[in-house]
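The chain contents come next:
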Amino acid sequence: MPKDHGIGASPKRREDVRFLSGTGNYTDDINVSGQAYVHFLRSDVAHGRITSINTEAAAAMPGVLKIFTGADFEGVGGIPCGWQVTDRHGEPMQEPAHPVLAQGKVRYVGDQIAAVVAETLEQARDAAEAIEVDLEELPAVVDMKAALADGATKVHDDLTSNLCYDWGFVEENKPAVDAAFEAAAHVTTLELRNNRLVANPMEPRVAIGDFNRGTGDSTLYTTSQNPHVIRLLMGAFVLGIPEHKLRVVAPDVGGGFGTKIFHYAEEAFCTFAAKALNRAVKWTSTRSEAFISDAHGRDHVTKIELALDAENNFTAIRTDTHANMGAYLSTFAPSVPTWLHGTLMAGNYKTPLIYVNVKAVFTNTVPVDAYRGAGRPEATYQLERVIDKAARELGVDPIALRRQNFITEFPYATPVAVEYDTGDYHGTMDALEKIADFSGFEARRKESEARGKLRGLGVNCYIEACGIAPSNLVGQLGARAGLYESATVRVNATGGLVVMTGSHSHGQGHETSFPQVIAEMIGIDESMVEIEHGDTDKAPMGMGTYGSRSLAVGGSAMVRATEKIIAKTKKIAAHLLEAAEADIELKDGTFSVAGTDKSVAWGDVTLAAYVPHNYPLEDIEPGLEETAFYDPANFTYPSGAYACEVEVDPETGKVTIEAFSAADDFGNVVNPMIVDGQVHGGIGQGIGQALLENAAYDENGQLLSASYMDYAMPRASDVPFYSVDHSSQTPCTHNPLGVKGCGEAGAIGSPPAVVNAVVDALQSGGHKVDHVDMPVSPSRVWAAMNA
Amino acid sequence: MYNFDFEKPSTIADAVAALGAEEAQALGGGQTLIPTLKQRLASPSKLVSLKGISEMQGVCIADDGAVCIGGATCHADVAGSSDVFAGLAGLAGGIGDPAVRARGTIGGSLANNDPAACYPAGALGCGATIMTNSREIAADDYFEGMFTTALEEGEIVTEVRFPVPEGSNYQKFEQPASRFALVGVFVAKFADGVRVAVTGASEEGVFRWTEAEAALSANFSADAIADLKLGSDGMIADLHGTSEYRAHLVGVLTRRAVAAAA
C-alpha cells in the first residue's frame, strides 16, 4: 500500500496550483514603480575591434535616459569566474577579463556593446538603432583545434594563446596508462563530438535593478538558481556592494537547467544603472537574445580509447578532449570539463588505470558552462559509446561485457579521485531487463523489418557524482566557493513551520517534497510546513540548486535544523510532562513519556515556546527557530541502466524512438512522482541532444541555429512514453536522508542509449556504421548509411 | 515592431485602393509578416488586412469542376472542407500546427513563396490558376524563384483555382526544427499526364521534376521512377541536410506520393 503521507508518498505538487493557474510570480511579473527599460546593443559580428561609438544622436532621441558604453564601466569590476583550474604543469589557467560592456573589442555574436536605458522598451530599441559603431572586423576563431594552431588569431590579445588550460588527470598515472595500452589484448578507439546545446528554459532571463536613495540599498530581482551566489559574486567582485546593502531576489523561476546558475553581465548592469540613474531598470530577454546571451552547454570534441585484456576485462582508459569555453569564462565553466567530467571517467566499471587530458579553448562563440549534467553527460557518453563499440568489435554481448566489468564492492575508490560510497549496478541492470523486455526484442525487430524499417536496441549505464559538494575537497580542486547548504526552520506558536532554505526551486518541486521530510520527522501533516526560498533577505546564506544537490545537501541542512527543533521541543515537553528528557518520544505529532499514558501535543509544546509561562527558562531560551549549515562528507553517486529502442527508416535516415526504459538507483526516494517527473524531463532533454538539438556556428562565428526555426527542441511527438523504475535503492551512506539526487540522471544516461540503438539498427541492416555524431539527424544517418 | 497604420477593408476594391499608399503591405494570416515585423526586419507604412474581405473567404466548386479557394481562406478551412480533394486537403492539414492553420492563408503563402512552404507545391503540382484582383496567372508562370512571384506591387491573390486530379498526394519530410518542408513533393495524376512539384529542395524555389512526370505519365507507379535520380546541383544545402540528401529525398517522397495516390 503506497504511503499517502511523509517520505515515500506522492502528494501532488502544491506549487502547480499557482503555476498552472497563472498566479505565479516570475521576475517579469515584477514591476517596480518608475522603472525604466534597458535594451542591449549586441555585436552582430563574432570578433572585432571597436574603433568608435557615437551615441550623440541616439542619446537625443525621445525617452532616452542614458546610453552606457564600456567607458562607463572603467573602474568597475569584471564578471568573475568561480573556479580556477590548475593545468598539467601546475600553472593556473589563463583567465581573461570579462567586462560588463565591451571594452575595445567584441568577442562573440551577442557580446554587449552598449546599453540604452529609456522610459519605454520601444524607445530604447529605437535609440539603439541610432548608435553608430565603427568596428574593425577581425578573423573569427571558431574551430577549437584551429584556435590552438600556431599563429591563430587570439580571442584575447593579452593572453599567450587561445588555450585556457591543458589539464591532465591523473597526471602521475599517465605512464602506467600508456603501458597498459601497450600490453592490451584489444584496444577500441572512438572519436566523437558532444554537441553544443542551448538550454532554452521556458522563461527567458530577466533582471531588474532597483536602488533606494533613502537607505542606499540595492535590490536585484533576477532569474537565478542561486540568489546568494549572485549577491556574493556581483556585490563583492563587480560592483563593490557589501551583502548587507544588497538584496537579491529570485522569485518563481521557469526552468534553469544550469544556465541560470551563472552571474551575467545584464544583472550587474541593471543593478549598476539603477544606482546611477536613481531609477529601477528592467531587462527582459527576448528568445532571440537568449540564444546568443545565455551560456551554452557541452561542446566537447573527444578521442577515447579503451584497453581490454584477453578476457575482456577493461584495463585502461585514455581520453583526449577539447572543451569549448567560448569567448569568456562563465561562472563555473572551467570546472565542467575537468572536475565534473574527468572524475566520472571510471563510470560503473573497475577499470584500474585512467588518464584524461582536457584542453579548454577560447573561441569567438557564446560562453559555455554547465547544462543539466554538466561534464557527467560528456563522460558517460564517450565511455558508454566506446564500450558498445568494443563489444561489437569483440563479438560479445554489450550487456554481458558491462556486467563483467561492473564494480561490485563498496566503498570503491576509483583511479580518478572519487570514492563511490554505495551502489548496485547488477541490481539496476536487472531492473532494466525487467521493464525493457529484452527477450521480446527480436520479435519486435522482425515486425519492424516486415514494414521495411530497421530496429535497434541500445543499452548503457551511467554513474554521476552529485549532491555537490564537500567544501574542503572542492576548495582543493579550485572552487572559489563553499558548497554547503543552509536552512532555517521557524516554528510558529500554533505549530506550523516555515523553512527558509538556501536551495532554490525552479521546477524541482521543493515546496512539495521538502515538507514531506519534516512531516515524516515530526509526524504532522505536510500542510503545516511552508517552504521559503529565493530571497537573500529571508534565507540564510545558501549556495542554490544545481548538480542534483537540493535534497541531498539542502534537504540535509533542513533535517539538521529540524533535529535541533525536535531536541528543543523534547526539552519543553519533558518540562511540561514532568519527565526525564531521555524518556520523551515524538510520534505522530505527540510527545509522550515512554511506558506511560502521559502525553502532550506538538502544538501545545510550540505554544509553550512562545508563551513561556510554564517553561524551563533557566535551561533554554523561549522561541523555536533553528538554523543549520550542512556540508556533505562526499558526493552522492546515483547510477542506473537505460535502454532505448529505435526504428530507422532506411530510405530517409529518420530515427524514431519506439521505447525508452530507465532503471535508476537514487537511494531513498521522498516523492516518487516528482522523481519520475525529473527522470522524464531529463530523458526528454537527452533525447533532444541525441536526435535534434544543435547549436552550430559557421566559420564566421554566426550562430546558424539562433531561433526555433533552426534549433530543434524535442516536442511531445518526438519522445515515447517512458518506462521508469527506481526500486533498486542503495541509500547514500553519508547524508541523513540516504538520498542521492535525481535531477540530472535522465540527461546524463539517455544520449548514449539513443546512439547505441541507432548504431545497432544500422548494423542490423548490414551497414558498417560504427558511429554517428549527435544530433543523429536524418541527413547524418543517411550519409552514414551511404558513406 | 515599428509603428504602422492599419486598415481592414471589407472589399477587394477597397483593399487595392488602400494598398496604393507608399510602402503599404498586404497582411494575410500574418504567419511570416508578423514575426518579421517583430524582429524589426520590415517597416511598412501601412498594413492592409485581407481577413475582413468576405468575397476572398471559403471554398466553392466552379462550373468546370475546379476547386476554388478564396485567397484569405485559412489552412484549417481547406483541410476540413469536403469540397477539397484529399491530396490538397492533406497538404493543408499538415502545414505548421493548429495555431498556424487557424491563421495562415493560401493567398499569403503563395504571395510569400517561401522555398520550403507547402502550398506552392500543391498549386504547381495541380497546375492551378492564381486569380488576382486584375488577372489570372497560371501556376507555371507564377513562381519565379525563392520569395519571388509574378505578382505586381499591390496585387492581391484573391482566389486559387485547382483542377481536380484523378489522384493526388503530398508527401512532406519535415525539417526537424521549423517543421517546414525539408523536402515536399506533390504528385497529381490528370487524364492528360502527371505533374510532380517539389518544394523545400531547390535554391530556385518550387519546381517541376519533369523527368519523373514523363516516366509517371507513361506508367503511374512508384516502380516507374525507381531508378530515376535527381541531380544535386542547385539543391539547398544547410544545417539540416546536404544537397545530395535533399535530391535523394525528392526521389523517396515522389515514390511515396505516387504509391499513396495510385
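Peer 1: How do you make sense of helix α12 (residues 441-450) of chain A when you look at a structure like this?
Peer 2: An α-helical segment advances 3.6 residues per turn. Residues three or four places apart therefore align on the same side. Residues and elements named next belong to chain A. Buried within α12 we find Phe441, Arg445 and Ser448. For α12, the angular spread of buried residues about the axis comes to 60°, placing them on one side. Exposed residues pointing more than 90 degrees away from the buried face of α12 are listed as Ala443, Lys446 and Ala450. As for α12, its buried residues are in contact with β20 (454-463), β28 (639-648) and α18 (745-764). Downstream of α12 by a residue or two, glycine 452 has a phi angle that is positive, lying close to 80°.

Peer 1: I would appreciate a short explanation of the domain arrangement of chain A in the present structure.
Peer 2: Note: interface size is frequently given as the accessible area lost on complex formation between the parts. All names here are of chain A. In terms of domains, chain A is made up of domain 1 (36-138 + 200-293), domain 2 (142-199 + 296-406), domain 3 (419-464 + 635-787) and domain 4 (484-630). Every contact between the two is made by 35 residues of domain 1 and, on the other side, 40 residues of domain 2. Surface buried jointly by domain 1 and domain 2 totals about 3,300 Å² across both partners, of which 60% is contributed by carbon and sulfur atoms. When residues of domain 1 are sorted by the area they lose upon contact with domain 2, Arg88, Gln94 and Arg107 head the list and together hold 23% of the total. Where domain 1 touches domain 2, the interface holds 4 salt bridges. Counting every contact that joins domain 1 to domain 2 gives 20 residue pairs in polar contact (both at pLDDT 80 or more).

Peer 1: I keep staring at the state of the cysteines and nothing clicks. Help me out?
Peer 2: Tallying each qualifying case throughout the model produces 0 disulfides over all chains. Left without a disulfide partner, cysteine 74 of chain B is nearest to the cysteine sulfur of cysteine 118 of chain B, which lies 15 Å away.

Peer 1: Just to check I follow, could you spell out the pattern of salt bridges for this structure?
Peer 2: Oppositely charged side chains are able to pair whenever their charged atoms sit close together. Residues and elements named next belong to chain A. Following the criterion strictly, the structure yields 66 salt bridges over all chains and no others. Notably, a salt bridge pairs arginine 444 with aspartate 437, separated by 2.8 Å at the nearest N-O pair. Arginine 444 gets classed as partly exposed once you look at its relative accessible area, which sits at 21%. Residue glutamate 563 pairs with arginine 560 through a salt bridge whose shortest N-O separation is 3.3 Å. With glutamate 563 and arginine 560 both in helix α15 (residues 550-577) and 3 residues apart, the pair spans about one turn of that helix. Judged by relative accessible area, glutamate 563 falls into the partly exposed class, the value being 36%. One salt-bridge network, held together by shared partners, links Asp437, Arg444, Glu447, Arg451, Arg455, Glu645 and Glu647.

Peer 1: Explain a nonpolar patch on the surface to me, please; I cannot follow it from the model alone.
Peer 2: Residues Leu607, Tyr610 and Val611 of chain A make up a contiguous nonpolar surface patch of about 230 Å² in total accessible area. As for its position among the elements, tyrosine 610 of chain A is in helix α16 (residues 602-610).

Peer 1: I keep staring at the confidence of the model for chain B and nothing clicks. Help me out?
Peer 2: Mean pLDDT over chain B works out to 97, with 100% of the residues at or above the 70 mark. Overall fold confidence (pTM) sits at 0.97, and the ipTM for the predicted complex is 0.95.

Peer 1: Sorry, what's going on with α16 of chain A here?
Peer 2: Residues and elements named next belong to chain A. For α16, the complete set of buried residues consists of Trp602, Val605, Thr606, Ala608 and Ala609. For α16, the angular spread of the buried residues around the axis is 155°, confining them to a single face. Each element contacted by the buried residues of α16 is listed here: β21 (485-491), β22 (497-501), α14 (510-522), α15, β25 (590-593) and β26 (599-601).

Rules of the game
- Residues numbered from 1 in each chain as written.
- Chains lettered and ligands numbered in written order.
- Predicted model: local features only at pLDDT ≥ 70, side-chain atom pairs only at ≥ 80, totals over all residues.
- Heavy atoms only, no water.
- Buried < 20%, exposed > 50% of the residue type's maximum accessible area, 1.4 Å probe, protein only.
- Helix = DSSP H or I, 4+ residues; strand = E, 2+ residues; numbered from the N terminus.
- Arc of directions from axis to C-beta.
- Contact = heavy atoms within 4.5 Å.
- Domains from an automatic or database assignment.
- Buried area = accessible area lost by both parts, 1.4 Å probe.
- Salt bridge = Lys/Arg side-chain N within 4 Å of Asp/Glu carboxyl O.
- Polar contact = N/O pair within 3.5 Å; in protein donor to acceptor, adjacent residues only side chain to side chain.
- Disulfide = S-S within 2.5 Å.
- Patch = residues over 30% accessible without salt bridge, like charges linked within 9 Å, V, L, I, M, F, W, Y side chains within 5 Å.
- Areas by Shrake-Rupley, 256 points an atom, 1.4 Å probe, with all protein chains shown as cover.
- pLDDT = per-residue confidence, 0-100.

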